[in-house]
Each structure stands twice: as C-alpha cells, then as structure tokens.
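Chain residues, written in single-letter form:
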Amino acid sequence: MKKVLLLSAAAMASLAASADYTPGQIVVRDNYKLTLEWANTDMATNSGDIRMGIGTNDRFFWTDKANKTVKVYGEKGFEQDIKLSKNVWTNISCDNAGHVIVRVDDKAFDGAYAATSGVAVIDADNLSVLTDYAQFASSASTGRFDGFSQVYGDVSKGIWAIYAPRQFGGCISEFLFEQYKGYFTSEYSLDVSMFPKVDGTVTASVASTGAAQQYGETGKKLAAFVNPVFNVTDASHNLANCIMTLEEVLDEDENPVWEQTGKFMRTPNHIGECGFVCFTINGVDYVAYPTGNGSADGFGVCKVELLDSPVSEPVVDELKASCLKAIVYASSDPETYALNFVTNNYWRGMSVEAVEGDPNSVYIYNCGSASPMNAMSKWKFTVPESEQGGVNGIEVADENAPVEYFNLQGVRVANPENGLFIKRQGAKAEKVVL
C-alpha cells in the first residue's frame, strides 16, 4: 500500500486565483506549483442516496445507500461497486494510509439514529473489504453526525479514532477502535457561548454536517468545525472560520482527555458547509477548506494561525492574507474543472495524501458540485528547492554504515514503530512502513 501516515512535504505559498484550471496545467507563483492531476465529471449525482465522497489512492469513493455499496471512480470514470453486507449510510472518510471508512448499520437509514451503527473498512489500493462491521459504542451512536474528517494515522495498526460533532447534545463524539474492532466511546461538551450570532441566528449550533479531526505530528491536537450553518457562516457575513481547537491533556486520573483551548483557526472565505482537512508538512500545520460566498467558489489552503475569536475576515485580495497559501476558485466552464464545492446542502469531502517518492509534494482531493455538473479532482502542490527540507538534508555516508532510521523531518529515531520512516544504510536510503 503506497500511502503514508503523516504527510511530508514543504510549505506551500500563495498562488493566483484568477486563472482557469485545466488538467495538466501548472500555475507558478514564487516557484510554488499547483498542478491539476486530473478531474472527472463522470461521477455520482446529487441525490439523497449518493451524496458523500472521499478521495484517496488515485480514486474517489462514494456512498450509495440505496444499493448497499461504495461506488468507486477513477480518472477515467466509474470503476466498480464495492458491495457491503450491512446498510450503507452517508458518512465516509479515509485515513492517512489508504483505507476508506464508511458508516454502516443493520438497518437502512430512515431518519432515526440506531444504536447499532458502526463502520466498514475498505483497502483503497486493492478495493477489498477488510471488515464489514466494527460497531460504535451504543451510548453515542444514536446521534446524528454526517461529517467525518480524515482519520489520523493508519486504521490497520493500534488504536485509531473517528470524531464527529453530534447534531443533538452539543458535543463531539470520539469513537475509538482497536484495528477493526469497536473499542469505546467518549464525548466532549462544546461551549457554544463563545460563538457570535449573525442576523439573530445562533451560529454555534452543533450541526450534523460539522466535522472534527486530529492533526499535528503527534495527533494531540483536535480541530472541530461545529457550526456550519448554510449561507450564514460564510464570507458575506464576515463570519467564516469557526474551527475551534482542542488539545490533549491529562485529567486527575492521568487519563488523556480533550480540552478546549479557546482558540480558532483563521480560515479566510471559509463557507459554511463541507468540513475541512488538516495536515502537517515539515512540522507546520495546514488546513484545507471550502472557500467563497454562498458555498460556491472552491477550496483554499491555509497555514494554521490561531485566533481568540471565531470571526475570520473575507479576502478581498487573497494574496494579502498571510495564512492563505493557495486558493482555487470556481468556473462556470465545466472543461476547466475549477470546482464549486457544494450546492443544495449536500456534504462532500476533502482529503490529503503524500506523494510517493516525492516528500516535497502533496495531493489534495476535492469533490463537489461544479456548474453545470458534478465533478471531482486531484491536485498536486510542489514546493521550490529553497523550501525542500526534511530527509533531503540527510547525507548518505559509507555503504557499510549501520542501519539508521529517521522520521520524515530528518530527525533520527532510535526505536521506530507504527509509522513511515526513512531507513538509511550507507549509500542507500528508502522509505519503510513499520
């Protein structure tokens, strides 16, 4: 499997947003490159049965509730349906190692939220089903939660977690698994009083289309987009980010718990739907998110900057926003594939993965509703030589030298485990998963 556990590339820089984007076109600014790898409009349509998707392993995966399948699309279009034994619900995500996670249940979704929900796990490389059913803890699975952000780490190793803001209860549910077996669940209440109102609307509603995700090199940070009120938390209302941050602390019994920091990510022109995805590049945290007014303009990538307020200004000149490193705007021409993100309240998805063999590039997958048709796309960011660090700075010594391991930032690791590392022995250096 060719995916990685932590994304390793160098920092991205500002890119102009005025041009049309066509497959293969490279946009260059200050030697930073944004390349559209491919885009496709042969994809699932907006419907109540097929409305959430995620990209990984050069493919897109869509839930199909009506047929108990996950629909698979590639660069050339539809590839196959993956049949699951349980009923497929709308939630879908991926991890950082090439696995797809989809919510399933014994019963078909009928507006009620069953205590028997769980997830199926699919290998995105060979399209095999690794497990049909790993059940959530029943205490929290009855709540409505539609948005899964990208899962931190590798679901095939150790303990991993899915986080979801719940429609009812004003909290984040944390569903923990040990490999593919349901483990336990905990919940964290959210203080929504810190969020302002817009036109009398309480923007702090914990909506099912919100999402929450671990991020950072250690995974001990948590970002939660808890209030995606459609056409309210967008740039036209000057209230655009509302991604609150939490961090792992120890309680009085020395158990790790999440604690709100009172800080919010600055994400200019962040619209009010569709979640987000965080990732780490050479020790720097980034967030990719849908941008624009009225859920219509595309996606942006920001270096994480934390604010004391959830208010994040719109961007009149996006190049003046210090945290905004890249932005793609929509186009009415379907041949350009510069994508709208969502219309008609349908939650889509974003995901990010490292580029195999190229630690200075990263892929961003985007799927949404382009005018006049749906589309999905895969983008590649590449940084200039001046920003290329990490393992490139490790000199290879005598071929008879002992084996050494380094993380993707070039730091030597004495006892590597559960991750992607650089193995060096003399003149040979290679990536290995341990």
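Being a predicted model, the structure only gives us computed values, none of them experimental. (Residues numbered from 1 in each chain as written. Predicted model: local features only at pLDDT ≥ 70, side-chain atom pairs only at ≥ 80, totals over all residues. Heavy atoms only, no water.)

Let's shift gears to the overall build of the chain. A tally of regular secondary structure across the chain gives 1 helix and 31 strands. A buried classification covers 58% of the 434 residues belonging to the chain. The long-range fraction of contacts in the chain, counting pairs at least 24 apart against all pairs at least 6 apart in sequence, stands at 56%. Total accessible area on the chain stands at roughly 16400 Å², and carbon and sulfur atoms take up 44% of it. (Helix = DSSP H or I, 4+ residues; strand = E, 2+ residues; numbered from the N terminus. Buried < 20%, exposed > 50% of the residue type's maximum accessible area, 1.4 Å probe, protein only. Contact = heavy atoms within 4.5 Å. Areas by Shrake-Rupley, 256 points an atom, 1.4 Å probe, with all protein chains shown as cover.)

It is worth spelling out the pairing of strand S8 (residues 99-105) at this point. Among the 7 residues in S8, 7 count as buried, and that is most of the element. As judged from the 5 bridges shared by strand S7 (residues 87-94) and S8, these two strands associate in the antiparallel manner. Its bridge partner being in S8, Ser93 is matched across the sheet by Ile101. The turn joining S7 and S8, which pair antiparallel and follow one another in sequence, is formed by 4 residues; a positive phi near 85° is taken by Gly98. Bridge count between S8 and strand S9 (residues 118-123): 6 bridges; the pairing is antiparallel. Its bridge partner being in S9, Val104 is matched across the sheet by Gly118. (Pairing = 2+ DSSP bridges.)

We now examine the pattern of salt bridges. This structure, assessed with the given rule, holds 9 salt bridges. Where Lys221 meets Asp285, a salt bridge forms, and the shortest distance between an N and an O atom there is 2.8 Å. Placement of Lys221 in strand S17 (residues 221-225) and of Asp285 in strand S21 (residues 284-291) is noted, with a sequence separation of 64 residues between them. (Salt bridge = Lys/Arg side-chain N within 4 Å of Asp/Glu carboxyl O.)

Bringing unusual backbone geometry into the picture now. The residue Asp58 is not glycine, and still its phi comes out positive at about 65°. As for its position among the elements, Asp58 is in the loop between strand S3 (53-56) and strand S4 (59-64). Although it is not a glycine, Lys68 sits at a positive phi angle of roughly 55°. Mapped onto the fold, Lys68 is located in the loop between S4 and strand S5 (69-74).

Within this structure, the stated rule accounts for 12 aromatic pairs. Between Phe136 and Phe175, the aromatic rings sit 4.0 Å apart at their centres with planes inclined by 35°, giving tilted as the arrangement. Note that Phe136 is positioned in the loop between strand S10 (128-135) and helix H1 (138-141) and Phe175 in strand S12 (residues 171-178), a separation of 39 residues in sequence. Take Phe136: its relative accessible area is 3%, and that puts it in the buried class. A network of ring pairs unites the aromatic residues Phe136, Phe145, Phe148, Trp160, Phe175 and Phe177 as a single cluster. Over the face of the ring belonging to Phe145 we find Arg103, whose NZ or CZ atom lies 4.0 Å from the ring centre. Stacked on the ring of Tyr363, the Lys or Arg Lys378 has its end atom at 3.9 Å from the ring centre. (Phe/Tyr/Trp six-rings, centres within 6.5 Å; stacked < 30°, edge-to-face > 60°. Lys NZ or Arg CZ within 6 Å of the ring centre and 35° of its normal.)

What follows covers the sheet that holds S4. Strand order in the open sheet formed by 4 strands is S3-S4-S5-S6, and the pairing between neighbours is antiparallel. Only two strands of the sheet have a single neighbouring strand rather than two, namely S3 and strand S6 (77-83). Direction aside, the axes of adjacent strands within the sheet are offset by 25° on average. Bridging between S4 and S5 involves 5 bridges; their strand directions are antiparallel. In the strand pairing of S5, Phe60 is matched with Tyr73. (Axes fitted to C-alpha atoms, helices over the stretch in contact; angles between N-to-C directions.)

Mapped onto the elements, Gln167 comes out in the loop between strand S11 (159-165) and S12. Distance in space between the C-alpha atoms of Gln167 and Val206 is 5.4 Å, their sequence separation being 39 residues.

Looking at where Thr63 falls in the secondary structure, it is placed in strand S4. Among the residues examined, Thr63 registers a relative accessible area of 0% and is labelled buried. In this structure, Thr63 is in contact with Asp49, Ile50, Arg51, Met52, Thr69, Val88, Trp89, Thr90, Asn91, Ile92 and Val102, ignoring residues within four places of it in sequence.

What follows covers the nonpolar core. Side chains of a nonpolar character, in soluble globular proteins, are inclined to be buried together. Of all hydrophobic cores here, the largest spans 18 residues; its most connected members are Phe279, Phe299, Val301, Ile364 and Phe381. Where this core is concerned, the elements lending two or more residues are strand S2 (32-40), strand S20 (277-281), S21, strand S22 (298-303), strand S24 (324-329), strand S25 (349-355), strand S26 (358-369) and strand S27 (374-382). Setting aside its immediate chain neighbours within four residues, Ile364 contacts Phe299, Val301, Met350, Ser351, Val352, Ser377, Lys378, Trp379 and Phe381. (Core = buried A, V, L, I, M, F, W, Y, C linked by side-chain atoms within 4.5 Å.)

Moving on, we get to the sheet that holds S10. Within a sheet, neighbouring strands are paired by backbone hydrogen bonds and run either parallel or antiparallel to one another. The strand order S7-S8-S9-S10 describes an open sheet built from 4 strands, whose pairing is antiparallel. The open sheet has two free edges, formed respectively by S7 and S10, since each of these has just one partner strand. The mean inter-strand angle of the sheet, taken between neighbouring strand axes irrespective of direction, is 25°.

With that settled, consider a nonpolar patch on the surface. Nonpolar side chains collect at one region of the surface, where Ile159, Tyr183 and Phe184 lie side by side and expose about 310 Å² of accessible area between them. Looking at the element boundaries, Tyr183 is found in strand S13 (residues 181-189). (Patch = residues over 30% accessible without salt bridge, like charges linked within 9 Å, V, L, I, M, F, W, Y side chains within 5 Å.)

A few words now on the pairing of S11. The buried fraction of S11 is high, at 6 of 7 residues. Examined bridge by bridge, S11 and S12 share 7 bridges and lie antiparallel to one another. Bridged to Pro165 within S12 is Ile172.

Our next topic: the state of the cysteines. Per the stated rule, a full pass over the model turns up 0 disulfides. Free of any disulfide, Cys323 has its nearest neighbouring cysteine sulfur in Cys302, separated by 3.5 Å. What makes Cys323 buried here is its relative accessible area of 0%. (Disulfide = S-S within 2.5 Å.)

What follows is about the side chain of Asp64. Mapped onto the elements, Asp64 comes out in strand S4. Classification of Asp64 as buried rests on a relative accessible area of 3%. At 3.3 Å, the side chain of Asp64 forms a polar contact with the backbone nitrogen of Ala66. Those residues in contact with Asp64 that sit more than four places away from it in its chain are Asp49, Ile50, Thr69, Lys71 and Val88. (Polar contact = N/O pair within 3.5 Å; in protein donor to acceptor, adjacent residues only side chain to side chain.)

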